[in-house]
Amino acid sequence: MSGVDITDHDIDEFLEDYNQRGLDPFMALEFDEERRTIIKSWHDVQACPGSGKTTIVGVKLLILERKLRSSKSGVCVLTHTNVARNEIISRIESHPSGFRLTQYPNFIGTIQEFINRYLAAPYLRSINMNPVRIDDDASAALMAGRISHATKSFLARNSHASISELKIHHETGEVKVPGFQKESPSPSYRNLMEVFYERINRGYFFYSEMYYFAKKCIQENGEIVSALRKRFSCVLVDEMQDTQKYQDDIINKLFCCDDVRMQRLGDPDQAIFDNMGGDSPNVTFNGNAALTPLKSTHRFPADIAAKISGLSVTGIGRLQSFKRTSHVTPHTIFLYTDATKTSVLERFCELLDVCGIKNQASYTKAVGGTEGLGGFISEYWPDYDKTKSVKTPRPQLLMEAISRKWWATETDAAFQYALLMQCILDLLRRAGVTENVGDYTRHYSSTSLARHLRIVGVYAEFKGLLTSWIMAGTPTQEIWDAQYHELLSLLGINAEERAVKDYLAYSESSGEDNEIAQAGAANVYRSASGREIQVGTIHSVKGETHDATLVLETKNHQYDLEKLSRRLAFMESQTISGKMNQKFARQVYVAASRPRRLLCMAAHQDRISPVVRTQLMQHGWMIQLV
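Computed from a predicted model, the values in this text were never measured in an experiment.

Draft legend 1. Up close: the packing of aromatic side chains. Scanning the entire structure with this criterion turns up 18 aromatic pairs. Ring plane angle 80° and centroid distance 5.6 Å describe the contact between Phe 107 and Tyr 118, whose orientation is recorded as edge-to-face. With a gap of 11 residues between them, Phe 107 in strand S3 (residues 107–110) and Tyr 118 in helix H6 (residues 111–126) connect regions that are remote in the sequence. Across the pair, Tyr 118 and Phe 107 agree in class, each one buried. Between Phe 154 and Phe 180, the ring centres sit 5.0 Å apart and the planes meet at 25°, which makes this aromatic pair stacked. Highlighted residues: Phe 154 in helix H8 (residues 149–157) and Phe 180 in the loop between strand S6 (175–176) and helix H9 (187–201), separated in sequence by 26 residues. Classification of Phe 154 as buried rests on a relative accessible area of 12%. Sitting over the face of the ring of Trp 42, Lys 60 holds its NZ or CZ atom 4.1 Å from the ring centroid. The side chain of Arg 607 reaches across the aromatic face of Tyr 559, ending 3.5 Å from its centre.

Following this line, the structure appears as structure tokens:
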């Protein structure tokens, strides 16, 4: 494996070429010894917030691509989300080697995409089962539309039974039937099993089911494991802290061997997604005390780094900062009463005005750990609507995106273009349109679609359509009929497909709809001065960077900031113990590490004692009673 060893000479040669090309006109790329060590090694890495992990991954990929170019092996990059995958691709796509990294024999994609493509789907086809669609929502909807009225009533009477639970368990392979502990002669049981088999026969699968078939593939086809190890001699796993145990097990079975170099990067202190759905988190990374730490950040200044270091579950210690601040920033804890809780967001906006922070909603956010059964975020702002998502809006019709229903408060054209592109990709999936890449097919990404449209010579017309929707908004039905037929022609989509016709239905927003969109789209709070901030959950902002962030105290059996107040005041130094305390610490750590300039928190006056307040002020916090 000496052919993939990276040296300081390789890094210097790459940096000289990269900086001469001027690919980033604002900043020459350089690496300190800490980051060079990570690029050269294959040790697992704990990367703190804002450490530049994605840039490190991108550079390592570009160097490896050049080293592996003459061989038949490639690089495999596994991410937890499409967002993480796209961030990596964005780092490399401007470099000449970047395009090659997206082609055979390389792979950059989510763990789910890898499992589907290389293991589960081939296995299903080998046993004469054709995976037509792998999608939780589509699978649940298909079965929901087939069950009898009596079965619907049965599920409605069982508060813990849902049609989305009717699936193959990813570990055991057993079919879990909602509302039943074992096989039953009940008509509802028989009806549920009938629609389950209909779904499977039609080729609809839940995401988690594919992991069971992937395990079967590995167990029954040893040559596939050998082939994947030969093809992917280098493997990088990003955002490893969010990987669940059953995903980690498969990755290790495939690539934990002498024939493959594997490096995993992430931050266990930010593991807030790792046990979602009730599954066990990974232990080989999150429980590894020997991770190589990357403790310096480019995101926030030293005063914020100092305030959040006590929240580290792993005990990574004080973070170093490359970012300097030329003024004293009033990082503030707002202490409210029951009567003044709804005034917290207004006080935060007033502080933003005083600090001169730009009035742009997407860069100033207020977030809470949980919405709670009683709507704990909405207790700060009654108009908060937890059904809206800032991070991943999912219009049900293409027209909803065009008519501004999902971005009425967002003036950034890049956001608008990205949302429309997301809808176009959804349209292609509904139509079953894929691209051929070597010996397999895959769904288009925004990058690969743009490349395809340029090759066939229609990119200018396609971009003109999207530009007209951004600039002009909702077309008349007559114009829409012409536009969507032009779109289908450019994309090569059959207009008679039912799923396509449904998605392209015309729906002109009424005045009432527009008023709702303007008042609450993306949960944007507007202050008396006209300042706008976005409000949401901590989970919705993971991976983001803000100018200012307000962390709202919420309750999950206990109040998070009350439980963490002594740690924030550095009155406790022992290891954080207890699952709930660790969960609170990770969530608040994620939220508090988002801002570049201003960090604020909000808690009840009765839950922060006078002694703790004094210690907080000694550590640089401003205390403001609301």
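From this point, things continue past the structure.
Draft legend 2. Inspection of the state of the cysteines at higher detail. Per the stated rule, a full pass over the model turns up zero disulfides. We note that Cys 600 lacks a disulfide partner, and the nearest cysteine sulfur, in Cys 355, lies 7.5 Å from it. For Cys 600, a relative accessible area of 0% translates into the label buried.

Draft legend 3. Here's a closer look at the sheet that holds strand S2 (residues 74–79). Strand order in this open sheet of six strands is S3-S2-S8-S9-S1-S10, and the pairing throughout is parallel. In this open sheet, the two edge strands, each paired with only one partner strand, are S3 and strand S10 (292–294). Taken over all neighbouring pairs, the strand axes of this sheet differ in orientation by 20° on average, direction set aside. Relative to strand S9 (residues 261–266), strand S8 (residues 232–237) runs parallel, the two being bridged by four bridges. Directly across from Cys 234, in S9, lies its bridge partner Arg 261.

Draft legend 4. The arrangement of the pattern of salt bridges in detail. For the structure shown, the criterion picks out 34 salt bridges. Taking the shortest distance from any N to any O, the salt bridge between Glu 65 and Arg 100 comes out at 3.0 Å. One end of the pair, Glu 65, is in helix H3 (residues 53–68); the other, Arg 100, is in helix H5 (residues 96–101), and 35 residues separate them in sequence. Exposure remark for Glu 65: the relative accessible area of 6% places this residue in the buried category. With a shortest N-O distance of 3.0 Å, Glu 532 and Arg 526 are connected by a salt bridge. Take Arg 526: its relative accessible area is 32%, and that puts it in the partly exposed class. Via salt bridges that share partners, Asp 8, Asp 12, Glu 33, Arg 36 and Lys 40 belong to a single interconnected network.

Draft legend 5. Expanded view of the nonpolar core. Phe 114, Ile 115, Leu 119, Phe 213, Phe 232, Leu 254 and Phe 255 are the most contacted members of the largest nonpolar core, which totals 53 residues. Residue contributions to this core peak at eight residues, all from H6.

Draft legend 6. Broad picture of the pairing of strand S18 (residues 532–537). A large share of S18 lies buried, amounting to five of its six residues. One ladder, built from four bridges, connects strand S14 (residues 364–368) with S18; its direction is parallel. Residue pairing across strands places Ala 366 opposite Val 535, the latter belonging to S18. Pairing geometry for strand S17 (residues 524–526) and S18, over three bridges, is antiparallel. Looking at S18, one finds that Tyr 525 is bridged to Ile 533. Between S17 and the antiparallel strand that follows it, S18, lie five residues; Gly 530 among them carries a positive phi value of about 95°.

Draft legend 7. Examining helix H19 (residues 477–491) more closely. Taking 1.5 Å of rise per residue, the 15 residues of H19 would be expected to cover 21 Å, and the 21 Å separating its terminal C-alpha atoms lies within 8% of that figure. What H19 keeps buried is the set Trp 480, Gln 483, Tyr 484, Leu 487, Leu 488, Leu 490 and Leu 491. Along the long axis of H19, the arc covered by the buried residues comes to 160°, so they all point the same way. Facing away from the buried side of H19 by more than 90 degrees, the exposed set consists of Glu 478, Ala 482 and Ser 489. At the exit of H19 stands Gly 492, carrying a positive phi of roughly 70°.

Draft legend 8. Focus on the sheet that holds strand S23 (residues 622–625). An order of S17-S18-S14-S19-S22-S13-S23 is seen for the seven strands of this open sheet, with the pairing classed as mixed. Looking at which strands have only one partner, the edges of the open sheet turn out to be S17 and S23. Across this sheet, the average inter-strand angle for adjacent strands is 25°, counted without regard to direction. Sheet strands touched by helix H22 (residues 560–568): strand S19 (546–552) and strand S22 (595–604). Its angle to S22, the strand with the most contacts, is close to 120°. Running at roughly 135° to S23, helix H24 (residues 610–618) makes contact with strand S13 (332–336) and S23 of the sheet.

Draft legend 9. Seen up close, the environment of Lys 152. Summarising the element assignment, Lys 152 is placed in helix H8. Separated by 176 residues in the primary sequence, Lys 152 and Val 328 have C-alpha atoms spaced 60 Å apart. Lys 152 has contacts with Ala 144 and Ile 147, leaving out every residue within four places of it along the chain.

Procedures and definitions
- Residues numbered from 1 in each chain as written.
- Predicted model: local features only at pLDDT ≥ 70, side-chain atom pairs only at ≥ 80, totals over all residues.
- Heavy atoms only, no water.
- Phe/Tyr/Trp six-rings, centres within 6.5 Å; stacked < 30°, edge-to-face > 60°.
- Helix = DSSP H or I, 4+ residues; strand = E, 2+ residues; numbered from the N terminus.
- Buried < 20%, exposed > 50% of the residue type's maximum accessible area, 1.4 Å probe, protein only.
- Lys NZ or Arg CZ within 6 Å of the ring centre and 35° of its normal.
- Disulfide = S-S within 2.5 Å.
- Pairing = 2+ DSSP bridges.
- Axes fitted to C-alpha atoms, helices over the stretch in contact; angles between N-to-C directions.
- Salt bridge = Lys/Arg side-chain N within 4 Å of Asp/Glu carboxyl O.
- Core = buried A, V, L, I, M, F, W, Y, C linked by side-chain atoms within 4.5 Å.
- Expected span 1.5 Å × (residues − 1).
- Arc of directions from axis to C-beta.
- Contact = heavy atoms within 4.5 Å.

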